[in-house]
2 protein chains.
Amino acid sequence: MPLPQTEQPGRLQAELMSRGMRMTRQRRIILSVVETAKQHLDASQILRKARKLDAKVDRVTVYRTLNLLKRHGLIDELDLMHLQGEKHFYERRPQRDHIHMACLRCGKIAEFESNLFDRLKGEIQRECRFHIVVTRLEVGGYCADCRVMPAS
Amino acid sequence: MPLPQTEQPGRLQAELMSRGMRMTRQRRIILSVVETAKQHLDASQILRKARKLDAKVDRVTVYRTLNLLKRHGLIDELDLMHLQGEKHFYERRPQRDHIHMACLRCGKIAEFESNLFDRLKGEIQRECRFHIVVTRLEVGGYCADCRVMPAS
DNA sequence: TTAAGTGCAAATATTTTGCTGTCAC
DNA sequence: GTGACAGCAAAATATTTGCACTTAA
């Protein structure tokens, strides 16, 4: 499992401001929700949490802010194997990429960092002469708790 | 790049029939479209191609057939990094998993098989005690042709 | 001051569901 | 003959766009 990401409160805000983006009340709220999330959130969950902080945040502003963060490479978009329908989930772009494992039975999402993954990315860049900007490795299957034992 | 998948016409149909699914005129057509596709198709493209073979295929039947194939693990669903919006793309599940690389500039999709990827999957199964059913590794970036050279 | 950002309404895109009639087996 | 499947219409879900108003810088 990855180590807990070093807390850097206000980091997203600082990044956007350094790139000349205006910092509105709504953006500050949405950024703080994304930044302090303990698990992967979709747009509706982000909206709900943002509205707890300020009831006047609009759904459209959430989408527009998420797109802004995506364009700047500050967050990653996940599908989590479409276990929850077609929602997208978001997380701050980590310093080191990790793999998402989605349990098809209990729905639990686990994360995993791996040197092999880092090496695989290097191989892709070299062998395919492909300059990687973003990766997404999602795995669906059964976690240790849900693992179906061979017919016994 | 993966070797061209050994042609196995009617393989999907045979698989479904062996599992007790009924083989209707519509299914046969949709399966043949999926099976003979030269590139990754989304639901609308599959519908269009199916209708060239038989104008009476309904969009809903395409979705229901794709879901059937997914449930049986006979096709894989791809997002291709959402370069084309939120469409899903489909391909017959290959004998050996491969990586999809999507160029953010020209949109080209390349595929890549790798021993490191196979080893990574093995590592995930062992280290995380996670039984893998399906994987999706998508990479966004710049292909050799579109690669932006360092400021020169 | 003014260009960027917001909110609201409406549109768009994709996929699913309910129900009735049809067809594979 | 019967239960699985198809077609049609409508709904559900997720996201984007147009435009007038607001606000950060």
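Residues numbered from 1 in each chain as written. Chains lettered and ligands numbered in written order. Predicted model: local features only at pLDDT ≥ 70, side-chain atom pairs only at ≥ 80, totals over all residues. Heavy atoms only, no water.

**Considering the interface of chain B and chain A**
And then number 1: Contacts between the two partners involve 38 residues from chain B and, on the opposite side, 39 residues from chain A.
And then number 2: Of the roughly 3600 Å² buried at the junction of chain B and chain A (both faces included), carbon and sulfur atoms supply 66%.
And then number 3: Counting the surface chain B buries against chain A, the share from its top three residues, Leu116(B), Phe130(B) and Arg136(B), is 18%.
And then number 4: Across the pair Glu138(A) and Arg136(B) runs a salt bridge whose closest N-O atoms are separated by 3.5 Å.
And then number 5: Linking chain B with chain A are 22 residue pairs in polar contact (both at pLDDT 80 or more), by the criterion used here.
And then number 6: Breaking the side of chain B that touches chain A down by element, the ones donating at least two residues are β4 (99–103), α5 (115–127) and β6 (131–142) of chain B. (Contact = heavy atoms within 4.5 Å. Buried area = accessible area lost by both parts, 1.4 Å probe. Salt bridge = Lys/Arg side-chain N within 4 Å of Asp/Glu carboxyl O. Polar contact = N/O pair within 3.5 Å; in protein donor to acceptor, adjacent residues only side chain to side chain. Helix = DSSP H or I, 4+ residues; strand = E, 2+ residues; numbered from the N terminus.)

**What about unusual backbone geometry?**
And then number 1: Positive phi, normally seen in glycine, also occurs at His82(A), with a value near 60 degrees.
And then number 2: Relative to the assigned elements, His82(A) resides in the loop between β2 (75–78) and β3 (89–92).
And then number 3: Judged by relative accessible area, His82(A) falls into the buried class, the value being 11%.
And then number 4: With a phi angle near 50 degrees, Leu80(B) is a residue other than glycine that sits in the positive phi range.
And then number 5: Relative to the elements of secondary structure, Leu80(B) occurs in the loop between β2 (75–78) and β3 (89–92).
And then number 6: Exposure remark for Leu80(B): the relative accessible area of 5% places this residue in the buried category. (Buried < 20%, exposed > 50% of the residue type's maximum accessible area, 1.4 Å probe, protein only.)

**Quick look at the protein's contact with DNA strand C**
And then number 1: The local shell around DNA strand C holds 20 residues, among which Thr24(A), Gln26(A), Lys56(A), Thr61(A) and Tyr63(B) are the closest.
And then number 2: Taken together, the sugar and phosphate atoms account for 67% of what DNA strand C places within 4 Å of the protein.
And then number 3: A distance of 3.2 Å is found between a base nitrogen of DNA strand C and a side-chain nitrogen or oxygen belonging to Arg22(B).
And then number 4: Asn67(B) is positioned such that a nitrogen or oxygen atom in its side chain is 3.1 Å from a phosphate oxygen of DNA strand C.
And then number 5: Contributions of two or more residues to the surface near DNA strand C are made by α2 (25–36) and α4 (59–71) of chain A together with α4 (59–71) of chain B.
And then number 6: Per-element tally for the surface near DNA strand C: the top contributor is α4(B), with five residues.
And then number 7: Each residue belonging to the surface near DNA strand C can be placed in one class, and the counts come to six nonpolar, five polar and nine charged. (Near = heavy atom within 4 Å. Nonpolar A, V, L, I, M, F, W, Y, C, P; charged D, E, K, R; others polar.)

**What to know about the protein's contact with DNA strand D**
And then number 1: Near DNA strand D lie 20 residues; those nearest to it are Arg22(B), Thr24(B), Gln26(B), Lys56(B) and Thr61(B).
And then number 2: Of all DNA strand D atoms lying within 4 Å of any protein atom, the proportion belonging to sugar or phosphate reaches 66%.
And then number 3: Here Asn67(A) contributes a side-chain N or O atom positioned 3.3 Å from a phosphate oxygen of DNA strand D.
And then number 4: Lys87(A) is positioned such that a nitrogen or oxygen atom in its side chain is 2.8 Å from a phosphate oxygen of DNA strand D.
And then number 5: Secondary-structure elements contributing two or more residues to the surface near DNA strand D are α4 of chain A together with α2 (25–36) and α4 of chain B.

**Considering the sheet that holds β4(B)**
And then number 1: The six strands are arranged β5(A)-β4(A)-β6(A)-β6(B)-β4(B)-β5(B) in an open sheet whose pairing can be described as mixed. In this open sheet, the two edge strands, each paired with only one partner strand, are β5 (109–112) of chain A together with β5 (109–112) of chain B. Across the sheet, the mean angle separating the axes of adjacent strands is 20 degrees when strand polarity is ignored.
And then number 2: Two elements, strand β4 (residues 99–103) of chain A and β5(A), share four bridges in a ladder whose sense is antiparallel. Bridge pairing in β5(A) places Met101(A) opposite Ala110(A).
And then number 3: In this fold helix α5 (residues 115–127) of chain A packs onto β4 and β6 (131–142) of chain A together with β4, β5 and β6 of chain B, with an angle of close to 135 degrees to the strand it touches most, β6(A).
And then number 4: Along the sheet, α5(B) makes contact with β4, β5 and β6 of chain A together with β4 and β6 of chain B, crossing β6(B) at roughly 135 degrees. (Pairing = 2+ DSSP bridges. Axes fitted to C-alpha atoms, helices over the stretch in contact; angles between N-to-C directions.)

**Brief notes about the state of the cysteines**
And then number 1: Applying the stated criterion to the full structure yields zero disulfides over all chains.
And then number 2: The thiol of Cys106(A) is not disulfide-bonded; the next cysteine sulfur, from Cys103(A), is found 3.7 Å away.
And then number 3: We classify Cys106(A) as partly exposed; its relative accessible area is 42%.
And then number 4: Cysteine Cys146(B) is unpaired, with the sulfur of Cys106(B) as its nearest cysteine sulfur at 3.7 Å. (Disulfide = S-S within 2.5 Å.)

**Description of the packing of helix α1 (residues 11–18) of chain B against α2(B)**
Packed helices, taken two at a time, are described by their axes: the angle between them and the distance between them.
All names here are of chain B.
And then number 1: At a minimum axis separation of 8 Å, α1 and α2 run at an interaxial angle of 130 degrees. Considering the angle they form, α1 stands oblique to α2. Together, Arg11, Leu12, Gln13 and Leu16 of α1 and Arg28, Leu31, Val34 and Glu35 of α2 make up the contact between the two elements.
And then number 2: In terms of residue class, the contact of α1 with α2 is made up of four nonpolar, one polar and three charged. (Parallel < 35°, antiparallel > 145°, perpendicular 65-115°, else oblique.)

**Focus on the relation of the copies chain B and chain A**
The relation between the two copies of this chain is a rotation about an axis and a shift parallel to it.
And then number 1: Least-squares fitting of chain B to chain A yields an RMSD of 0.0 Å, with the superposition described by an axial translation of 0.0 Å and a rotation of 180 degrees. Viewed as a symmetry operation, the transformation between the two copies matches a two-fold axis. Every residue of chain B has its C-alpha some distance from the rotation axis, and the shortest such distance is that of Leu137(B), at 2.1 Å.
And then number 2: Most of the interface of chain B is mirrored in chain A, where 100% of its interface residues are also at the interface. (Least-squares fit on C-alpha atoms with pLDDT ≥ 70 in both.)

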